[in-house]
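Descriptive analysis of the structure
Here is what each chain is made of, one letter per residue.
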Amino acid sequence: DSPPIPIRDHANLHGVSQTIQCALGTLCSDQQRQPNRPCVPCAYKIGCYDVALDHAFTRAIPNQRPESCPRSHSNISDDYDGGSLYGYQRGMRILTVGDGDFTFSLALARMLSLKPSNQIQACSKTRIVATSYESLERLQSIYPDLEATLTELGSYVDVEITVHFNVDATKLPETLNDDALTNFHRIAWNFPCTAESAGQDGQNNQMEENKSLVRKFASSCMVPGLLARGGEIHVAHKTKPPYNQWKIEHSIVPSNEESQKSTTEAGLEYKGRIVLDKCCLPPYTPRKALDKKSFPCHDACIYVFGWPSNPPTTTTVPKDPDTFDATIPQEPSSSSLKEPDSFAASIVRVTEHLLCSIRTIHLAQPRNRGKSKKMTLNKRLARQMPATKHKTTKKQKKREQHTKFSKK
């Protein structure tokens with residue numbers, strides 16, 4: 001049965017518990033014990049509302065700037081306790097691909113570095129290999145803060161970070177240095193697309209080219225020695241039109257109908273998707289290809305791919321002494337307002353009940369009362385004030401004087 005209200009497609013959809021609690025208004029800030037008001041930007045991240053999907057909600061509750069989220073000005077990485085956030089954990093070997101201004105790599109470094117108060121050492125040293133398709137000179141001409149980002153990346157002692165340029169995501173073994181080729185636990189590429197002029201990347205005209213780009217990237221990751229046992233590939237992308245037509249999950253793991261046509265390397269399994277909340281990854285800022293401009297990404301999700309749970313005998317899974325938990329558990333916590341303990345998990349399943357609850361809570365919130373009272377007061381004052389004459393120009397004054405003299 002279809003739900004009584006329009007909701008997004010939530011098949012294999014999950015969210016970070018902090019994002020869900022912020023959307024529901026049950027998240028308490030560090031400065032106050034009382035929970036914050038239900039956050040509108042986070043509600044749009046979970047519900048992915050738009051006019052075509054839910055005209056009534058978007059009209060009553062317009063989306064707000066992401067800076068209005070109460071968590072946007074807090075340092076989330078300071079509260080990281082060494083667990084798993086978006087599947088990233090201390091001691092991992094991580095490869096970031098196409099990280100234009102390297103702010104995503106910097107967000108991971110801040111989160112995974114040991115804090116002075118945390119004396120618990122990871123099982124092994126965290127390693128991040130940050131790469132970009134462009135040269136250093138090209139990036140310096142585009143991103144004004146690049147030098148500051150690279151300087152901070154080189155300042156971490158407990159996280160081994162190497163930066164590589166001119167790395168092709170579709171030819172990782174050929175363009176990465178031999179010392180960087182290792183069994184990675186996570187390989188991430190956020191918002192993959194071919195660069196187009198005037199910031200028009202990712203449109204319908206380039207859809208097939210971009211889908212081929214993603215397939216070649218996945219095949220490149222499956223070269224022996226790149227993806228470790230238990231390793232995962234993360235691809236973040238927008239989900240609203242026209243980007244929903246990319247069907248990232250089918251581009252990397254083809255459906256039965258497309259399996260005969262696809263050139264994707266066999267062996268990967270689609271695990272699910274997670275709502276992207278960049279408030280959890282400061283100072284990460286998604287950028288357009290070869291452009292310092294950012295873009296809205298409240299509709300973005302991270303698509304997670306990994307080795308099959310029950311690999312066939314023909315699939316060779318590499319051995320690795322360091323094993324880590326999967327980003328999406330096989331039985332993730334089911335979000336429910338009646339079971340607040342279910343939010344203890346980092347990753348929570350997004351259900352129809354959760355989507356309907358977020359919608360109901362926000363529609364019940366009193367909004368814009370002060371603005372409506374102010375407008376009503378201004379209307380009353382305008383009625384009480386005498387009508388003001390329009391200002392006359394010099395030509396009109398001369399004409400009036402000429403008319404008076406002519407009458408005399």
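The text that follows walks through the structure, step by step, so that each part is easy to find.

Calculation criteria
- Residues numbered from 1 in each chain as written.
- Predicted model: local features only at pLDDT ≥ 70, side-chain atom pairs only at ≥ 80, totals over all residues.
- Heavy atoms only, no water.
- Phe/Tyr/Trp six-rings, centres within 6.5 Å; stacked < 30°, edge-to-face > 60°.
- Helix = DSSP H or I, 4+ residues; strand = E, 2+ residues; numbered from the N terminus.
- Buried < 20%, exposed > 50% of the residue type's maximum accessible area, 1.4 Å probe, protein only.
- Contact = heavy atoms within 4.5 Å.
- Salt bridge = Lys/Arg side-chain N within 4 Å of Asp/Glu carboxyl O.

**A word on the packing of aromatic side chains**
- In total, this model carries eleven aromatic pairs according to the counting rule given.
- Considering the side-chain rings of Phe102 and Phe165, the 5.9 Å spacing of their centres and the 85° angle between planes classify their relative orientation as edge-to-face. Of this pair, Phe102 sits in the loop between strand 2 (93–97) and helix 4 (103–112) while Phe165 sits in the loop between strand 4 (159–164) and helix 7 (172–175), and the two are 63 residues apart along the sequence.
- Seen from their ring centres, Tyr243 and Trp246 are 6.3 Å apart, and the 55° between their planes marks the pair as tilted.
- With relative accessibility at 2%, the residue Trp246 sits in the buried group.

**Concerning helix 4**
- For helix 4, the tally of buried residues reaches nine of ten residues, placing the bulk of the element in the interior.
- When we look at burial in helix 4, the residues that qualify are Thr103, Phe104, Ser105, Leu106, Ala107, Leu108, Ala109, Met111 and Leu112.
- Turning to helix 4, the residues buried within the fold contact strand 2, strand 3 (126–131), helix 6 (146–153), strand 4 and strand 5 (184–190).

**Notes on the pattern of salt bridges**
- The final tally for this structure, using the stated rule, is 13 salt bridges.
- For Glu160, the salt bridge is made with Arg127, and the minimal N-O distance between the two is 3.9 Å. Residue Glu160 is located in strand 4, and its partner Arg127 is located in strand 3; the two are separated by 33 residues in the primary sequence.
- On the accessibility criterion, Glu160 (36% relative accessible area) is partly exposed.
- Judged by relative accessible area, which is 15%, Arg127 ranks as buried.
- By sharing partners, the salt bridges in this structure join Lys45, Arg71 and Asp277 into a single network.

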